[in-house]
Amino acid sequence: MVERISGGAFKQMVLFGAACITQQKQAINDLNVFPVPDGDTGTNMSLTIQTAATELRRSEPATLDQAAKTTASALLRGARGNSGVILSLLFRGMSKVFKGMADADGAALASAMNEGVSTAYSAVMKPAEGTVLTVSRLAAKRAVEAAQEQNDVEYVLTEAIKVGYATLAETTDMNPVLKKAGVVDAGGKGYLIILDGMLRSLRGEEVPELEAQGETKEKADFAAIGDEDITFAFDTVFIVRRTVEKSLEPLRRYLNSIGDSLVIGEDDEAFKVHVHTDIPGAALTEAQKYGTLEVAKIENMRIQADDVAAGRKAISADDLEDDDLEQEPTAPAAPEKRYGFLAVCAGEGLAEAFRDLGVDRIVSGGQTMNPSTESILHEVEQTPSEIVFILPNNKNIIMAAQQCVGLTDKEIIVIPTATVPQGITAMMNADVEQDDPQAIAQAMTEAAATVTTAQITYAARNSDFDGFAISEGDYLALVDGKLLGTDRQLDSLLDQLAALAADKGAEFITLFYGEGVSEEEAEAASIRFRTACPDCELSLLNGGQPVYYYIVSME
């Protein structure tokens, strides 16, 4: 049995846990019972802990304190979605106990796990049973008991995981939604996979290798080619993080039409492209229809081939110094006013609507792409005001936004908007002439609560939910996050929502139509609402949002 853990051991434990959950993230995603495309639990937890893994690889922590602090800090900033935030809080609590420690025994580990649970519970306003909170609480409770029986870390962690998995099995009966679906809690399972990976690291097992996600050629072998062999000049490599779930086949056809040597590797979150082309800008522009460009490298192979032929060293992007490649951190924007506003949304039309209402900064994100705390914090820092109001516009982003509090000198106020229409209505009721920021926040929150939000999307997986037998690809209608109906015909659901608007006596209706919906189709949809609610004030706007064909605001 391993009796104590050092900083180096803790580093390897976290790296092992990160590899394990990344390897099994899709299995965790599949436990999500709600069939709507979302920033799934496995994906969010994997991306969150990978931020810690990245930071730990860059460091050699001399003490447990240093390793735990590095982990907690990276997790906090990289937290995505509610599951990622809770994971970061569990490790933040651990780091509090490990502060000042060079290493730790089983009792200290048990105390750290317990403090992690307390930290997570304190951040959740209404803790629910049958979730990762339940699993972590009972696992930590057993850890404390086990430390009294045998004070070594391996025994404590082994016993905690045993009780954790027993509790996980019981989550099915604790939560009515899980019971109906016949699955366990996804967040709880993700946490246990990480703990199990940490235990396996302690026992000296080898870190599991992750499958290569379509290796792409990074650069050409310029010494082996001549100018006559180069059909297209620019060797272009880039990575795009997905923001929409659609086939890359149209992109593949387009890139083949403007170049050659095409290789595309992809996974659930991103895809990587290698292509030779004369118009790299066009390739990048087309690819951004599928997501957000993360990194790109473009090299002129003709110039490189000429350099080689002349006996010179071919200049490559790989030869640039790190200082040239890494952008200096942007300094926080100097306050130009007292109040500023930041909104999270996906789709240029929605972003423009928020800007028209006075929003200073936009964080791209929402369904399927929950932004990290660090992404939100970066835009907070660039908001030129003393006080920043954040509109998350998605229930799975609220906690990540709240974690920004205390990470900046700016005062942050999070308005808990769960949908884009709520965010827009909140902004329409933001009185910047008001002296009291809390009064502004209250007015915005109360206004948001008056909005009914309807959405039409598609089923990402087969499911039996709320009495509906749902097949992957079905159209789904949601009202305030609850499933209203499912159909193979989108028009049928539009009629149902129009009837609902009439029943509610909606006076103001706004239809935001998403990408992939033509203007003609959107006009036809608006006619259904005008017919059902002839006296309402109706607006039709191109939101450009992914995932949702229509987002409907009813007031």
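Before reading further, recall that the structure is shown in the block above.
Notes on the structure follow. These numbers come from a predicted model, not from an experiment.

## A closer look at the overall build of the chain
- Across its full length, the chain carries 21 helices and 18 strands.
- Summarising the internal contacts of the chain: among those between residues at least 6 apart in sequence, 70% fall at separations of at least 24.
- Total accessible area on the chain is roughly 24,500 Å²; 48% of this is exposed by carbon and sulfur atoms.

## Describing unusual backbone geometry
- Positioned with a positive phi, Asp480 is a non-glycine residue whose angle comes to about 50 degrees.
- Mapping Asp480 onto the fold places it in the loop between strand 14 (475-479) and strand 15 (482-487).
- The phi torsion at Val547 lies on the positive side, around 70 degrees, for a residue other than glycine.
- Locating Val547 in the fold gives a position in the loop between strand 17 (537-542) and strand 18 (550-554).

## Concerning the pairing of strand 9 (residues 385-391)
- Counting buried residues in strand 9 gives 6 out of 7 residues, a clear majority hidden from the surface.
- Of the pairings in the sheet, the one linking strand 7 (residues 337-345) to strand 9 comprises 6 bridges and is parallel in character. Paired with Gly340 across the two strands is Val388, which belongs to strand 9.
- As judged from the 4 bridges shared by strand 9 and strand 10 (residues 411-414), these two strands associate in the parallel manner. Along strand 10, the bridge assignment pairs Ile387 with Glu411.

## As for helix 16 (residues 373-381)
- Three or more residues of helix 16 are buried, namely Thr373, Ile376, Leu377, Glu379, Val380 and Glu381.
- Check the buried side of helix 16 and you find it contacts helix 4 (64-78), strand 7, strand 8 (361-364), strand 9, helix 17 (398-402) and strand 10.

## Structural notes on the sheet that holds strand 8
- The strand order 8-7-9-10 describes an open sheet built from 4 strands, whose pairing is parallel. Looking at which strands have only one partner, the edges of the open sheet turn out to be strand 8 and strand 10. Neighbour to neighbour, the strand axes of the sheet diverge by 25 degrees on average, direction disregarded.

## Here's the deal with a negative patch on the surface
- On the surface, Asp431, Glu433, Asp435 and Asp436 cluster together into a negatively charged patch.
- Within the secondary structure, Asp435 sits in the loop between helix 18 (420-428) and helix 19 (437-448).
- Overall, Asp435 belongs to the exposed group, its relative accessible area being 62%.

## Some details on the side chain of Thr43
- Looking at the element boundaries, Thr43 is found in helix 3 (residues 41-57).
- Judged by relative accessible area, Thr43 falls into the buried class, the value being 13%.
- Within the structure, Thr43 has its side chain in polar contact with the side chain of Asn29 (distance 2.9 Å).

## Things to note about the packing of helix 1 (residues 7-23) against helix 4
- At a minimum axis separation of 7 Å, helix 1 and helix 4 run at an interaxial angle of 30 degrees. It follows from the interaxial angle that helix 1 and helix 4 lie roughly parallel. Handedness of the helix 1/helix 4 crossing: right-handed. Contacts between helix 1 and helix 4 pair Gly7, Phe10, Lys11 and Val14 from the former with Leu64, Ala67, Ala68 and Thr71 from the latter.
- For the contact of helix 1 with helix 4, the residue count by class is 5 nonpolar, 2 polar and 1 charged.

## Concerning the sheet that holds strand 11 (residues 452-458)
- Pairing in this open sheet of 6 strands is mixed, and the strands run 15-14-11-18-16-17 from one edge to the other. Because the sheet does not close on itself, it has two edges, and the strands there are strand 15 and strand 17. Going across the sheet, the axis of each strand differs from the next one's by a mean of 15 degrees, ignoring polarity.

## Focus on the environment of Lys337
- Along the polypeptide, Lys337 turns up in strand 7.
- For the pair Lys337 and Glu386, spaced 49 residues apart in sequence, the C-alpha separation works out to 6.7 Å.
- If sequence neighbours within four positions are ignored, Lys337 has contacts with Asp360, Pro384, Ser385 and Glu386.
- For Lys337, the side chain forms a polar contact with the side chain of Asp360, separated by 2.5 Å.

Procedures and definitions
- Residues numbered from 1 in each chain as written.
- Predicted model: local features only at pLDDT ≥ 70, side-chain atom pairs only at ≥ 80, totals over all residues.
- Heavy atoms only, no water.
- Helix = DSSP H or I, 4+ residues; strand = E, 2+ residues; numbered from the N terminus.
- Contact = heavy atoms within 4.5 Å.
- Areas by Shrake-Rupley, 256 points an atom, 1.4 Å probe, with all protein chains shown as cover.
- Buried < 20%, exposed > 50% of the residue type's maximum accessible area, 1.4 Å probe, protein only.
- Pairing = 2+ DSSP bridges.
- Axes fitted to C-alpha atoms, helices over the stretch in contact; angles between N-to-C directions.
- Patch = residues over 30% accessible without salt bridge, like charges linked within 9 Å, V, L, I, M, F, W, Y side chains within 5 Å.
- Salt bridge = Lys/Arg side-chain N within 4 Å of Asp/Glu carboxyl O.
- Lys, Arg positive; Asp, Glu negative; His and termini not counted.
- Charge placed at Lys NZ, Arg CZ, Asp CG, Glu CD.
- Polar contact = N/O pair within 3.5 Å; in protein donor to acceptor, adjacent residues only side chain to side chain.
- Parallel < 35°, antiparallel > 145°, perpendicular 65-115°, else oblique.
- Left-handed = near helix turned anticlockwise from the far one by under 90°.
- Nonpolar A, V, L, I, M, F, W, Y, C, P; charged D, E, K, R; others polar.

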